[in-house]
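Next come the chains, spelled out residue by residue.
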Amino acid sequence: ASKLSLGGYVKIGKPGLILVEGNDVDCDHFLEALVQSKKIFHTSTFKIGGRAVRNVSDIDSCRCLPRKMEQLESKSGMDELNSVCKKLGLLEALGDIISH
């Protein structure tokens, strides 16, 4: 993610979640890398829960998430993700992922 200028959150554990922010091309490359790693390491399935798109000229000037990927702990991390997703309009998508 750092090579792609993405920022956001990673929550390990159950459920494990990744929330990224960056330009469309970098987000797509990151998703492709996740799909490839799933194939290589034979990991369990994952889902894309939602996507919010804003057209801006400079992503760094209007980021909603941290500029670097940050790891969140189990309970407090879920609370943090709930709060961030609510602000971004992704709370329903988060709920869909968690419920499946």
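Throughout what follows, the structure given in this document is the object of discussion. Values in this document were obtained by computation on a predicted structure and should not be read as measured data.

### Details of the overall build of the protein chain
The helix and strand inventory of the protein chain stands at 3 helices and 3 strands. If you list the helices and strands of the protein chain from N to C, you get β-β-α-β-α-α. With 100 residues in all, the protein chain has 24% of them scored as buried. At a minimum sequence separation of 6, the contacts of the protein chain that also span at least 24 residues come to 62%. Split by element, the accessible area of the protein chain, about 7,100 Å² in all, is 54% carbon and sulfur.

### Some details on helix α2 (residues 74-88)
Compared with the 21 Å implied by 1.5 Å per residue over 15 residues, the 21 Å span of α2 between its first and last C-alpha is a close match. What α2 keeps buried is the set G77, M78, L81, V84 and C85. Summarising the axial view, the buried residues of α2 lie within an arc of 130°, below the 170-degree limit, and thus occupy one face. With respect to the buried face of α2, the exposed residues turned more than 90 degrees away are K75, K86 and K87. Buried residues in α2 make contact with β1 (7-11), β2 (17-21), β3 (69-72) and α3 (91-99).

### Structural notes on the sheet that holds β2
Strand order across the open sheet formed by 3 strands is β2-β1-β3, with mixed pairing between neighbours. Both outer strands of the open sheet, β2 and β3, are each paired with one neighbouring strand and no more. Taken pair by pair, the neighbouring strands of this sheet meet at an average axis angle of 15°, ignoring direction. Bridge analysis of β1 against β3 gives 4 bridges, and the strand direction is parallel. Counted as the bridge partner of G8 is M69 from β3. Most of the contacts of α2 go to β1, to which it runs at about 140°, and overall it touches β1, β2 and β3.

Cut-offs used in this document
- Residues numbered from 1 in each chain as written.
- Predicted model: local features only at pLDDT ≥ 70, side-chain atom pairs only at ≥ 80, totals over all residues.
- Heavy atoms only, no water.
- Helix = DSSP H or I, 4+ residues; strand = E, 2+ residues; numbered from the N terminus.
- Buried < 20%, exposed > 50% of the residue type's maximum accessible area, 1.4 Å probe, protein only.
- Contact = heavy atoms within 4.5 Å.
- Areas by Shrake-Rupley, 256 points an atom, 1.4 Å probe, with all protein chains shown as cover.
- Expected span 1.5 Å × (residues − 1).
- Arc of directions from axis to C-beta.
- Pairing = 2+ DSSP bridges.
- Axes fitted to C-alpha atoms, helices over the stretch in contact; angles between N-to-C directions.

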